[in-house]
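# What the coordinates show
Each chain, written out:
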Amino acid sequence: MSMKTGIVGLPNVGKSTLFNAITNSHVLAENYPFATIDPNEGIVTVPDERLDFLSSLYKPKKTTYATFTFYDIAGLVKGASKGEGLGNRFLGAIRECDAIVEVVRCFDNENIVHVEGKVDPRRDIETIDLELAMADLETVQNRIGKQDIKARVAKDKQAIYEMPILTALKEVLEQGIPGRRAKGLNEEQIAYARKNFFLLTLKPILYVANVSDEGYAGIEKNPYFKTVEEIAKEEGTIAIPVSCEIEREISELPKEERKDFLESLGAKESGLDRLVKASYSLLNLATFFTSGPDECRAWTFKRGMKAPECAGIIHSDFEKGFIKAEVTSFDDLKALGSEEAVKEKGKLRLEGKDYVMQDGDICYFRFNA
């Protein structure tokens with residue numbers, strides 16, 4: 001299961017620099033709008049100390065980390081929903097993503113042009129919100145046009161269910177407010193809308209506040225970051241302070257030198273590692289493992305999935321012929337030190353079709369071929 005996250009923002013806020021650092025690739029990142037024309041794709045590994053431990057324990061021929069796909073989507077500008085700045089093309093790219101990472105510029109630099117003339121995080125976020133909301137409004141209005149007649153004339157059950165949801169969304173979108181802020185909708189209705197309406201402003205979102213390398217250490221004093229953090233709290237999400245320039249420097253260092261560099265900054269992990277982990281949390285994802293002498297591997301699944309569904313992530317035949325899952329908690333294996341000790345202590349469990357998988361489960365699936 002590979003999840004896709006789109007990196008969005010206004011031109012010249014640091015999106016491509018962040019993407020370069022994430023993927024350690026060399027994507028065009030120039031000091032002018034629309035340097036990125038096609039969405040660039042980068043598949044990155046998800047850092048996981050648990051898989052490192054399993055690999056050191058089993059010494060397998062191969063270790064495979066979970067992956068996460070990031071898309072660097074060109075800068076949006078005012079009027080993007082009406083096609084300005086190649087906007088519709090980029091809005092379509094965002095629609096293909098599972099979540100949105102919005103990069104917001106939180107530093108002053110007269111040598112780097114801001115598309116609006118000056119730095120203002122709240123205005124920048126509202127600009128992105130407005131363009132995505134206007135694109136969604138068109139989608140919602142089109143659906144209302146179809147479902148309203150079905151609900152009133154044909155008494156269609158699906159249309160009757162959808163109309164209150166569509167009406168609530170239309171009310172906020174008309175004001176340029178994201179659909180995720182719609183009032184009066186319960187979790188079931190929001191989940192239904194996300195699954196069936198494909199709206200940009202219902203996608204999970206987190207904010208990356210791009211701060212200067214000089215201001216990284218004193219982030220609590222950065223008024224721009226405080227603004228982004230306030231907006232994130234209002235929306236029930238998070239804001240991560242990141243110096244895209246520092247992250248780019250880290251990505252260019254040999255792996256063995258990165259830890260020392262981070263320690264010199266007073267950090268335990270890079271901003272990119274925090275971003276990937278936060279993206280996992282945002283999408284309600286978790287990890288289970290398979291391990292042995294041939295391969296130790298991390299697999300991504302949605303929280304709430306049952307054992308047969310997770311088996312199907314490995315291979316569809318595993319789900320179809322599922323019998324049982326042999327499950328060990330990673331914490332138990334680490335504490336006890338070996339499979340033999342886990343079995344002796346009765347910590348190896350046999351779970352059936354109704355077992356809800358937990359983050360950190362180490363599994364062996366039994367199935368009929």
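Before reading on, note that the structure itself is shown above.
Scope of this entry: the structure provided in the associated data block. Just so you know, these numbers come straight off a predicted model, no measurement behind them.

Together, E256, E257, D260 and E263 line one region of the surface with negative charge. Relative to the assigned elements, E257 resides in helix α9 (residues 255–264). Residue classification places E257 among the partly exposed residues on the basis of a relative accessible area of 39%.

Another point: unusual backbone geometry. Its identity is not glycine, yet N12 carries a phi of approximately 65°, on the positive side. Its place among the elements puts N12 in the loop between β1 (3–8) and α1 (15–23). A positive phi angle is found at K155, which is not glycine, with a value near 55°. Following the sequence through the fold, K155 ends up in the loop between α4 (121–154) and α5 (157–173). A relative accessible area of 57% places K155 in the exposed class.

To continue, consider the sheet that holds strand β5 (residues 99–105). In spatial order, the strands read β2-β4-β1-β5-β6-β7; together these 6 strands make up an open sheet with mixed pairing. Only two strands of the sheet have a single neighbouring strand rather than two, namely β2 (40–45) and β7 (239–242). Averaged over neighbouring strand pairs, the angle between their axes works out to 25° when direction is ignored. Of the strand pairs in this sheet, β1 and strand β4 (residues 67–72) are connected by 5 bridges, and their pairing is parallel.

Our next topic: the nonpolar core. Core analysis: the biggest nonpolar cluster contains 63 residues, and L18, F68, F70, Y207 and L275 have the highest contact counts within it. Those residues in contact with L275 that sit more than four places away from it in its chain are L18, I22, F70, V101, L206, V208 and I240.

Glancing now at helix α7 (residues 223–234). For an α-helix the count is 3.6 residues per turn, leaving residues at separations of three or four pointing the same way. Along its 12 residues, α7 runs 17 Å from first to last C-alpha, staying within 8% of the 16 Å computed at 1.5 Å per residue. Those residues of α7 that fall on the buried side of the exposure criterion are F225, V228, I231 and A232. Along the axis of α7, the buried positions cluster into a sector of 125°, meaning they face one direction only. Exposed side of α7, more than 90 degrees from the buried face: P223 and K233 are the residues found there. Put simply, N222 is the residue that caps the front of α7, since its side-chain oxygen is 2.8 Å from the backbone nitrogen of Y224. Downstream of α7 by a residue or two, G236 has a phi angle that is positive, lying close to 70°.

Quick notes on the rules
- Residues numbered from 1 in each chain as written.
- Predicted model: local features only at pLDDT ≥ 70, side-chain atom pairs only at ≥ 80, totals over all residues.
- Heavy atoms only, no water.
- Patch = residues over 30% accessible without salt bridge, like charges linked within 9 Å, V, L, I, M, F, W, Y side chains within 5 Å.
- Areas by Shrake-Rupley, 256 points an atom, 1.4 Å probe, with all protein chains shown as cover.
- Salt bridge = Lys/Arg side-chain N within 4 Å of Asp/Glu carboxyl O.
- Lys, Arg positive; Asp, Glu negative; His and termini not counted.
- Charge placed at Lys NZ, Arg CZ, Asp CG, Glu CD.
- Helix = DSSP H or I, 4+ residues; strand = E, 2+ residues; numbered from the N terminus.
- Buried < 20%, exposed > 50% of the residue type's maximum accessible area, 1.4 Å probe, protein only.
- Pairing = 2+ DSSP bridges.
- Axes fitted to C-alpha atoms, helices over the stretch in contact; angles between N-to-C directions.
- Core = buried A, V, L, I, M, F, W, Y, C linked by side-chain atoms within 4.5 Å.
- Contact = heavy atoms within 4.5 Å.
- Expected span 1.5 Å × (residues − 1).
- Arc of directions from axis to C-beta.
- Polar contact = N/O pair within 3.5 Å; in protein donor to acceptor, adjacent residues only side chain to side chain.

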